[in-house]
Amino acid sequence: MSVNAQQHTLKHCIRATGVGLHTGKQVNLLLRPGTPDSGIVFKRSDLDYKFSVKAHAMNVGNTTMATSLTDGRNELSTIEHLMAAFAGLGIDNAEVEVDAAELPIMDGSAAPFVFLIQSAGIVAQNAPKMFLVMREPVRVGNESAYAELQPYDGFTLKYTLDYDHPVFALHDHTAEVDFCTTAFIKEISRARTFGFLADYEKLKDLNLAQGGSLDNAVVVDDSRILNEEGLRVRDEFAKHKLLDALGDLYLLGFSLLGRFHGYRSGHSINNALLRKVLANPSSFDVICYESDCAVPPAYQRKITTLV
Ligand SMILES: [Zn+2]
């Protein structure tokens, strides 16, 4: 990841249509440029009031199978793949509007969102970019599943899967990327979500995953991958978990300088990790490379200006 000292947003608005994973219904998505220091803001146009929630760890609601934002009345689910695309492309400010309670699942990866953002164009803004720099290790979870962030002069993610399953025994359990040397678009963005056929059938019975198909997930039965084309990359399972973590970590509201390691962690543990970081001010600093940073009030004491 290159340290670019300016904030970025989209050059133009862009629209897309897809299917909601849970409802199976069409979802219309609109991405708009955002003003400097506004962050990523999610809106719903299908409610009889203005649902508008900033993408931030403290606004996360349900984390079962996906990350949702809540305004206390309603939620907007499955934001993590689009958030990963914003993080990977260095987009600081944008408005996201949908007419449903979930983002469209697209192909189950972040690649269609990357394509959309690149098609809209990316522009630098006249405002300094801010970074959250880890100063002390923070860890949540236990021996069976945990996530941790450690100080590191750069940004690396590592994820370790551990499923007692014949398909997973054949594929890499660990994926690790250093954003100094790894291209997000090529290596991470195309990794699709995955699930087990048995779980999928249970979810369908519960009226969930109505939009799930082999077009938007890698599906595994007791012994094999059901998608005819197989995996896109050998470590696609672990890479997708990295993609999820990248999207979840971007809910810190800043680009991150640190080292993440997840062991069997999911959206819930990822969010618990961010809340623990934010609750421990000694664990991080916020830095920028200009003298006139518009630091949110909660971080005023934390700012270090590196001019
Ligand atoms: Zn995912």
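If you're wondering where the values come from, they're calculated on a predicted model, not measured in any experiment.

Caption draft 1: Seen up close, unusual backbone geometry. A positive phi angle, near 65 degrees, is found at Asp-37, a position not held by glycine. Structurally, the position occupied by Asp-37 is in the loop between strand S3 (26-33) and strand S4 (40-44). The phi dihedral of Met-65 is positive, around 70 degrees, even though this residue is not glycine. Examined against the element boundaries, Met-65 turns out to sit in the loop between strand S5 (51-54) and strand S6 (69-70).

Caption draft 2: How the structure looks around the pairing of strand S12 (residues 145-150). The sheet contact formed by strand S11 (residues 138-142) and S12 spans five bridges and is antiparallel. Bridge pairing links Val-138 to Leu-149 in S12. Taken together, S11 and the strand that follows it, S12, pair antiparallel across an intervening segment of two residues. As paired elements, S12 and strand S17 (residues 255-263) share five bridges and run antiparallel to each other.

Caption draft 3: Structural detail: the sheet that holds S5. If you walk across this open sheet you meet the five strands as S2-S3-S8-S4-S5, and the pairing is mixed. Strands with a single pairing partner mark the edges of an open sheet, and in this sheet they are strand S2 (14-19) and S5. The sheet shows a mean angle of 20 degrees between the axes of neighbouring strands, taken without regard to direction. Pairing analysis gives five bridges linking S4 to strand S8 (residues 94-98), with the strands arranged parallel.

Criteria and cut-off values
Residues numbered from 1 in each chain as written. Predicted model: local features only at pLDDT ≥ 70, side-chain atom pairs only at ≥ 80, totals over all residues. Helix = DSSP H or I, 4+ residues; strand = E, 2+ residues; numbered from the N terminus. Pairing = 2+ DSSP bridges. Axes fitted to C-alpha atoms, helices over the stretch in contact; angles between N-to-C directions.

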